[in-house]
Each structure stands twice: as structure tokens, then as C-alpha cells.
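Structural features, examined
One-letter residues, chain by chain:
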Amino acid sequence: MKIARTIAELRALRAGVSDVGFVPTMGALHEGHLELMRRARIDTAFVVMSLFVNPTQFGPNEDLSRYPRQEARDCELAAEVGVDIAFIPSPDEVYRSTTPTTIHVPSVSERWEGAFRPGHFDGVATVVAKLFNIVAPDVAYFGRKDLQQCAVVSKLVHDLDFAIELRFIETIRESDGLARSSRNAYLTRSARRQAPLLYSTLKTTAHRIWAGADVRASIQQAINTLVTAGFQVDYLALVEPASMDEIDKPTPESRLMATARLDGVRLLDNIPVQEE
Ligand code: PAF
């Protein structure tokens, strides 16, 4: 695996190569990321991953400085799954302008996570657009765990006419159901034991809703279960995943999603409402 630290290096290594699969990451790689890279390795001839902790998607009181960084280990893992190039730029390489252009993806980025983390999706959309322009992939891979990010990137690609196919890959979980996430590292031992309740509650609720139970009542019941167990629920909703609109009748595509805090750690998860 080759490492490119500048845009010029990346472009030189990528020159003349076609059928490129791309996995953008912020590092601290786990099975979820590796699964995206494995899929890219199977689907495409040449695989690029980026490792960049993007400062513009963190709010002023968020965890930018303590976000887990483990570049050497990440490179080992990416090389093992067959990545061809790791693009690891510095913030100064990515953000060279003092008056940077930013991208705002309206509507879909403004609700849910967007409401709790103002500006977050502008940072995501801007860096993803920049990475797409730098890497020029044919196919790009994102994890479904970040459901709203998938919707934001889909609209970005559609509205700005990027000639890139997006593939969204289902969430990889721990054996007890907890969705893999770099931020799981922040969980205390007792919070880690409690955390799988988020997934099991989503499963029970999705089952109820798909079987015909009232959506609002089922969601309220799920929130009560989580709150009683010590979670602070930011939102729990049945959504249509392209628009992220809340709906009150399930469809085969709809997903039940939640964000809840446990000991100050925000856990995001979502599942299809239709039985898998
Ligand atoms: O999902 C992530 O890790 C980030 O939001 C992404 C897509 C790499 C952009 O910084």
C-alpha cells in the first residue's frame, strides 16, 4: 500500500488508473470501515482510502482534539484488506484557502443530527466533495450506520452531478449487537454493558411496527425503555432514508433510527423496519 500525503502525490499515484473504489474515513478503523474496504476490493480494480480527521465537521464543543488517532495501525489494517493507496493529508493540505468555499446540502442536512450538530453536515459535504474531486473515484463506499450522512452524500452527488456511484453498506455490529463505531472507545465499562440496549430496543420496536402496531405509540414505548435504562434520547424516529422525512406508516425501505447518549457518549444506530 502506498501512502500519499499531498494532493499532488495522490494524483500522481492515481494517474492512468481506472475502476477506482474509494472509502473515505477519519481513521480509528474498525470492522465497519474494513468491510467497506473489502467490498471495494471485490468490486473495483483499485482501492483508495482516505484517513483525515476533518476539523470542519466538529462543533466547538465536540471531540476533535480527543478523536482517536492511530495512523500506523490504520495503515496496517488497510494494507491487510488490500487497499492500494492511503491518502493521509494534513488539515493545511486540505484547507488551503483563508476564505474557503463550503457546501450546504439543504433540507436533508438540517434535521436530526443537523439540528443537534449545527454545521456538521456542511463540513461533511464540503470535505466529501473535495475528496471526490481529489480522488476522482468511480465508486464510493459509506456505512449505513451514518444514515443521514448517506442521504446528504446522495443529494450532494445528485445535485452537483458527480459521476460517482455510491454504495451503502449495512452496519457491522459487535456480537452483542452494538454498532461498530470509533466513538465506542469513549464508553466506560458500565456504559459499554448498557449500550447494546439501543439496538435491541430498535429491533423490538421495528418488529412491532412491521407487525402493524401504532408507530407513534411504539416509538414512545422505545424511548421510555431507553430513558428508564439511563439513556438520554436525542431522537428516535421512523424515516424515509432518502429524504430523512419522518413517516408514520412503515414502508419496505423505511428505517427506524435513534441517537441516544450514555454517560455523555452519543450512540447512533438505525435498522430497516422490515424484518431482515
Ligand atoms: O463518516 C466519516 O468518517 C466522515 O464523516 C467522512 C465521510 C470520512 C467525512 O469526513
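Details of the structure are given in the entry above.
Residues numbered from 1 in each chain as written. Predicted model: local features only at pLDDT ≥ 70, side-chain atom pairs only at ≥ 80, totals over all residues. Heavy atoms only, no water.

Lining the immediate environment of the ligand, one finds Pro24, Thr25, Met26, Asn54, Gln57, Val127, Phe142 and Gln149. Gln57 has a polar side-chain atom sitting 2.6 Å from an oxygen atom of the ligand. At a separation of 2.7 Å, an oxygen atom of the ligand approaches a polar side-chain atom of Gln149. Class assignment of the residues belonging to the shell around the ligand gives a composition of four nonpolar, four polar and no charged. (Near = heavy atom within 4 Å. Polar contact = N/O pair within 3.5 Å; in protein donor to acceptor, adjacent residues only side chain to side chain. Nonpolar A, V, L, I, M, F, W, Y, C, P; charged D, E, K, R; others polar.)

The next subject is the packing of aromatic side chains. Taken as a whole and assessed by the stated rule, the structure comprises eight aromatic pairs. For the ring pair Phe58 and Tyr67, a centre distance of 5.7 Å and an interplane angle of 80 degrees mean the geometry is edge-to-face. The same class applies to Phe58 as to Tyr67, namely buried. Summarising the aromatic geometry, the rings of Phe132 and Phe162 are spaced 5.6 Å apart at their centres and angled 75 degrees between planes, so their arrangement reads as edge-to-face. Placement of the pair is Phe132 in helix α6 (residues 120-135) and Phe162 in the loop between α7 (147-159) and β6 (165-169), with a sequence separation of 30 residues. Among the residues examined, Phe132 registers a relative accessible area of 2% and is labelled buried. On the accessibility criterion, Phe162 (16% relative accessible area) is buried. Through successive ring pairs, a cluster of aromatic residues spans Phe22, Phe132, Phe142, Phe162 and Phe168. (Phe/Tyr/Trp six-rings, centres within 6.5 Å; stacked < 30°, edge-to-face > 60°. Buried < 20%, exposed > 50% of the residue type's maximum accessible area, 1.4 Å probe, protein only. Helix = DSSP H or I, 4+ residues; strand = E, 2+ residues; numbered from the N terminus.)

Sheet architecture is open: four strands sit in the order β8-β7-β9-β10, paired in antiparallel fashion. Strands with a single pairing partner mark the edges of an open sheet, and in this sheet they are β8 (245-246) and β10 (265-272). As judged from the seven bridges shared by strand β7 (residues 232-240) and strand β9 (residues 255-262), these two strands associate in the antiparallel manner. Its bridge partner being in β9, Leu238 is matched across the sheet by Leu256. Contacts from helix α9 (residues 197-210) reach β7, β9 and β10 within the one sheet, and its direction differs from that of β10 by about 30 degrees. In the packing of helix α10 (residues 215-228) onto the sheet, the strands contacted are β7 and β9, and the crossing angle to β7 comes to about 155 degrees. (Pairing = 2+ DSSP bridges. Contact = heavy atoms within 4.5 Å. Axes fitted to C-alpha atoms, helices over the stretch in contact; angles between N-to-C directions.)

On to the layout of surface pockets, then. Quantified by volume, the second largest pocket comes out at close to 170 Å³. Along the wall of the second largest pocket there are 15 residues; nearest its centre are Leu51, Phe52, Val53, Arg69 and Ile88. Looking at the lining of the second largest pocket residue by residue, the class counts come to nine nonpolar, three polar and three charged. (1 Å grid on protein atoms, 1.4 Å probe; cavity = no way out; pocket = protein on both sides within 12 Å on 5 of 7 lines; lining within 4 Å. Points joined across faces, edges and corners; volume = space filled by probe spheres on them.)

In space, the six strands of this open sheet follow the order β1-β4-β3-β2-β5-β6, with parallel pairing throughout. In the strand order of this sheet, the two ends are held by β1 (2-4) and β6, each with one partner. For this sheet the average axis-to-axis angle between neighbouring strands, irrespective of direction, equals 25 degrees. One ladder, built from two bridges, connects strand β2 (residues 20-25) with strand β5 (residues 139-143); its direction is parallel. Counted as the bridge partner of Phe22 is Ala140 from β5. Packing of α6 onto the sheet brings it into contact with β2, β3 (46-51), β4 (85-87), β5 and β6, and relative to β2 it is tilted by some 145 degrees.

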